[in-house]
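Architecture and fold: a report
Chain by chain, the residues run as shown.
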Amino acid sequence: MRLNILAFAAGILCLQLQPTLPGWEPWLAAGLLLALPGLLWRNRPVRLLTLLACAAIGISWAGWRAETRLADQLGAEWEGRDIDVVGIVAGLPQAFAGGTRFAFDVSDVQAGAIVPGRIMLSWYRGRQAGEADEPPALRAGERWRFTVRLKRPHGNANPGVFDYEAWLLERNIRATGYIRANPPQRLAGMVWSPGYVVERFRQSVRDSFERMLPEAAYPFTGVLVALAVGDQKAVQGDLWTTFNRTGTTHLMSISGLHVTMVAAMVGWLVSFGWRRLPALALRWPAQKAGLLAGCLAALVYALLAGFAVPAQRTLYMLMVAGLAMFSGRIVAASRILALALLVVVIIDPWAVLAAGFWLSFGAVGALLYVGSAQIGELRGWRDRLRSWGIVQWAATLASLPVLLLVFQQFSLVSPLANALAIPVVSFVVTPLALLAAVIPWWPILALAHQVLAWLMVFLAWCAGWPVWAAPAPPVWAAAAAGLGVAICLLPRGVPGRWLGGMLLVPAMFWPVDKPATGEAWVSVLDVGQGLASVVRTREHTLIYDPGPLYSAESDAGQRVVVPYLRAQGISRIDTLMVTHSDTDHSGGAASVLSALSVEQVSSSIAGSQGGRCVAGQRWAWDGVGFEVMHPVVEAYATDAKPNHLSCVLRIEAGGRRMLLTSDIEAADEAALLARYPDSLGAEVALVPHHASKTSSTPAFLKAVGAEQVIVPVGYRNRFGHPKPEVLGRYEERGARIWRTDRDGALRVVMGEKGVSVSAWRQEHRRYWHGR
């Protein structure tokens, strides 16, 4: 059974890695045909066919679910148009600096409009023409009428960066958009459906915590909210840095350990009371009553948590174990884990794309694996301490391959930090937070906050310890590391355990991929409406603009540039060039400077740290030449707008050139033509100012003569970039046009062998991209 379930899950994983969605019917037919021999004969070759049948059925199941979900989509002709919709606020509204964001279940739309059943809406503060006014205090379960403007799911596509489109697909959010100025109408204060009732209760708990402990005076209130109702967005961003560096992220939200603790506590209390009531004890065994109560408590807490994967996994394990005990059968722990895996992937085939899925099942599997080798009862505090150490070692080692593959780092101090954090958070802070959710009394919540504050002092000290960082290893190296973990966790005395350590080496010490001497790699990242690019030579790295500021809480430096560089194994930047002050180019600078070691900063921004970029500056790295071509030093004495001060950089490698132009406009192009009348030529060029009408004059295009041009632009951005007439000028000259909104991150390789451009979306396409 266990191998069949693993094969079924492997089939689902295989489907999620496909560039296009295959038909599910042939795979179902193949699975049924392969399963027939297993119903007639029982031998090893037939068992192999059974495993293949389960894998094929897994592909079929995931394909059918994907086809059904993708069919519920926004009509292409309705993108960017005003649509009247009626529906219900379906989840916790999330406040951000510019307004409020929330999931919305659509129940009615204007005649003819094709709108999916669940969408994500942003209610902005009316900063732009046509946007609605200040959003009211939205409550989950309310019915509203809105005029909205929607677009299909779209996220930034970059190596080593979070896949937003996959996240939306898993949550069945099939369009995103914002509320227009047409006055919204609240039609009902509450729609009494079980799901909305749960969400309203979650919101009430969050609001109660925030009223009792204002975050200005109590900085860890967001953590208590996350522990009580699973709202991780309530946690301040800088706290996640501490949790990541100490390996305690899993504790600061509702995890499987917390669900188990709640179930055990409620089950014990019910069983304890049941035994003391003879009439009840004679009618039904106290053990079964406690078990049922524990399972119900786990269900309630998992719903309160928003039904995240770790909570689901634990809930299903408890349910399977509960059913086994009710039936009087003894079920092996590994079978319970396998059945929980089966239920998770049947309900949510996209769970296999989340790192939390692998971390959850990997950690529990490792604990069962280690626990099966322990014989006899623990005697004395030394045995218990040793057992606790083994558990910490197993959980830490089991998470290593996933952490290196997905996050390219792991905390060296994690066992020490978790040794204290697990009992404090699970057995003190979380019970107090849940008690405060039921009994909203300030002293209870204040005590939980104080205990958490003491723990944070310890975690802050642990966060100062080094973190192991390495480039993202290939999948085969991570799989080998997983096998190595299993060998390392074998009982003492088993020969060959050293081989497990050897299998960990490729993933932990995977080398950084570098350009050859005299070669340059230029990556223009997909950051939406803005610009962020990374230039690499053999031993040096330059960032040409760190990307836009998305909101007060996030920017491209934090979300895209730093994760991308971490995946490449780069932690040191030689030069950060911030071309000008517009936030779509400079907004990510603070995040880059705080997360990475930056040797020098070059910028045209007055008062910024570092030196100015001035025409005539030249240098060479590893056989690659760099030259700043704009602005001239005299421009800084004028009252020019930021675009006119944009730093223009030319890169030359192996006799090939690329021109990075930032946001220069027609006047700046004319100035460049005057200063470099015969030397502006380049094989590749960054299209000035996102292909707006203010740039890309015919004379400039002729002088540059680029055969390939890159437009850094956001999907359906409000500026209407790129302008069709500007793209037409490049097409008339025969240039190949690349766009980050369509192609994702673009990588330019220049050297003696020539110039090549590759697109991330084309090389790593998934079936949900653009759908």
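Refer to the structure above for everything that follows.
So, here's what we can say about the structure. Note that the structure is a prediction, hence the values are computed from the model and not measured.

Taken together, Trp284, Leu292, Leu296, Leu299 and Leu303 make up a surface patch of nonpolar side chains, about 380 Å² in accessible area. Inspection of the secondary structure puts Leu299 in helix 10 (residues 286-304).

Right, let's talk about the sheet that holds strand 14 (residues 597-603) for a bit. The strand order across the open sheet formed by eight strands is 15-14-13-12-11-10-23-24, and the pairing between neighbours is mixed. Every other strand in the sheet has two partners, leaving strand 15 (611-612) and strand 24 (754-759) as the edge strands with one partner each. Across six bridges, the pairing between strand 13 (residues 572-578) and strand 14 is parallel. Note on strand 14: the bridge partner recorded for Thr575 is Gln600. Packed onto the sheet, helix 19 (residues 556-567) meets strand 10 (520-524), strand 11 (532-536), strand 12 (541-546) and strand 13 and runs at close to 160° relative to strand 12.

All right, on to the side chain of Ser533 then. By secondary structure assignment, the location of Ser533 is in strand 11. In terms of polar contacts, Ser533 uses its side chain to reach the backbone carbonyl oxygen of Tyr544, at 2.8 Å. Apart from residues lying up to four places away in sequence, Ser533 is in contact with Ser523, Val524, Leu525, Leu542, Ile543, Tyr544 and Asp545.

Attention now goes to the packing of aromatic side chains. Two descriptors summarise a pair of aromatic rings, namely the distance from one centre to the other and the angle between the planes of the rings. Inspection of the entire model under this criterion finds 24 aromatic pairs. Measuring from ring centre to ring centre gives 5.4 Å for Trp61 and Trp64, while their planes differ by 45°; the resulting arrangement is tilted. Taken together, the residues Trp61 and Trp64, both in helix 3 (residues 44-71) and three residues apart, mark about one turn of the helix. Looking at Trp64, the relative accessible area reads 37%, which means it is partly exposed. Summarising the aromatic geometry, the rings of Trp468 and Phe509 are spaced 5.1 Å apart at their centres and angled 85° between planes, so their arrangement reads as edge-to-face. Placement of the pair is Trp468 in strand 9 (residues 467-469) and Phe509 in the loop between helix 18 (498-508) and strand 10, with a sequence separation of 41 residues. By relative accessible area, Phe509 is classed as exposed at 52%.

In this section: the sheet that holds strand 18 (residues 648-653). A sheet is described by the order of its strands in space; here seven strands give the open sequence 16-17-18-19-20-21-22, paired in mixed fashion. Edge positions in the sheet fall to strand 16 (618-621) and strand 22 (736-739), since each has one partner strand and no second. Neighbour to neighbour, the strand axes of the sheet diverge by 20° on average, direction disregarded. As judged from the two bridges shared by strand 19 (residues 656-660) and strand 20 (residues 684-686), these two strands associate in the parallel manner. Looking across to strand 20, one finds that Met658 is bridged to Val684. Strand contacts of helix 22 (residues 666-675): strand 17 (624-630) and strand 18, with the helix running at about 120° to strand 17, the strand carrying the most contacts. The sheet contacts of helix 24 (residues 724-732) involve strand 21 (708-711) and strand 22, and relative to strand 22 the element is tilted by about 140°.

Leave glycine aside and you will find that most residues have negative phi; peptide bonds, for their part, are mostly trans. Of note, the amide linkage connecting His630 to Pro631 takes the cis form, showing an omega dihedral of 5°. Take Pro631: it is sitting in the loop between strand 17 and strand 18. Residue Pro722 follows His721 across a cis peptide bond; omega there is -5°. Within the fold, Pro722 resides in the loop between strand 21 and helix 24. Located in the positive-phi region is Asn172, a residue other than glycine, with phi close to 60°.

Tracing the backbone through its elements, the reader meets Arg771 in the segment after helix 26 (760-763). With relative accessibility at 33%, the residue Arg771 sits in the partly exposed group. With 701 residues separating them along the chain, Arg771 and Leu70 place their C-alpha atoms 6.9 Å apart.

In this section: the environment of Arg538. Relative to the elements of secondary structure, Arg538 occurs in the loop between strand 11 and strand 12. Note on Arg538: relative accessible area 34%, which makes it partly exposed. With 24 residues separating them in the primary sequence, Arg538 and Lys514 have C-alpha atoms 5.6 Å apart. The residues contacting Arg538, other than those within four sequence positions of it, are Lys514, Pro515, Ala516, Thr517 and Asp622. Polar contacts involving the side chain of Arg538 include one to the main-chain carbonyl oxygen of Pro515, which spans 3.2 Å.

Nonpolar side chains in soluble globular proteins tend to be buried together. Grouped together as the largest cluster of nonpolar side chains are 83 residues, with contacts concentrated most on Phe209 and Phe243. Ranked by residue count, the leading element in this core is helix 15 (residues 414-438), at eleven residues. Ala520, Val614, Leu660 and Trp738 belong to the second-largest nonpolar core, a separate cluster that totals 30 residues.

So, about the side chain of Gln16. By secondary structure assignment, the location of Gln16 is in helix 1 (residues 2-16). The class of Gln16 is buried, set by a relative accessible area of 0%. A distance of 3.2 Å separates the side chain of Gln16 from the backbone oxygen of Pro349, its partner in a polar contact.

What counts and how
- Residues numbered from 1 in each chain as written.
- Predicted model: local features only at pLDDT ≥ 70, side-chain atom pairs only at ≥ 80, totals over all residues.
- Heavy atoms only, no water.
- Patch = residues over 30% accessible without salt bridge, like charges linked within 9 Å, V, L, I, M, F, W, Y side chains within 5 Å.
- Areas by Shrake-Rupley, 256 points an atom, 1.4 Å probe, with all protein chains shown as cover.
- Salt bridge = Lys/Arg side-chain N within 4 Å of Asp/Glu carboxyl O.
- Helix = DSSP H or I, 4+ residues; strand = E, 2+ residues; numbered from the N terminus.
- Pairing = 2+ DSSP bridges.
- Contact = heavy atoms within 4.5 Å.
- Axes fitted to C-alpha atoms, helices over the stretch in contact; angles between N-to-C directions.
- Polar contact = N/O pair within 3.5 Å; in protein donor to acceptor, adjacent residues only side chain to side chain.
- Phe/Tyr/Trp six-rings, centres within 6.5 Å; stacked < 30°, edge-to-face > 60°.
- Buried < 20%, exposed > 50% of the residue type's maximum accessible area, 1.4 Å probe, protein only.
- Core = buried A, V, L, I, M, F, W, Y, C linked by side-chain atoms within 4.5 Å.

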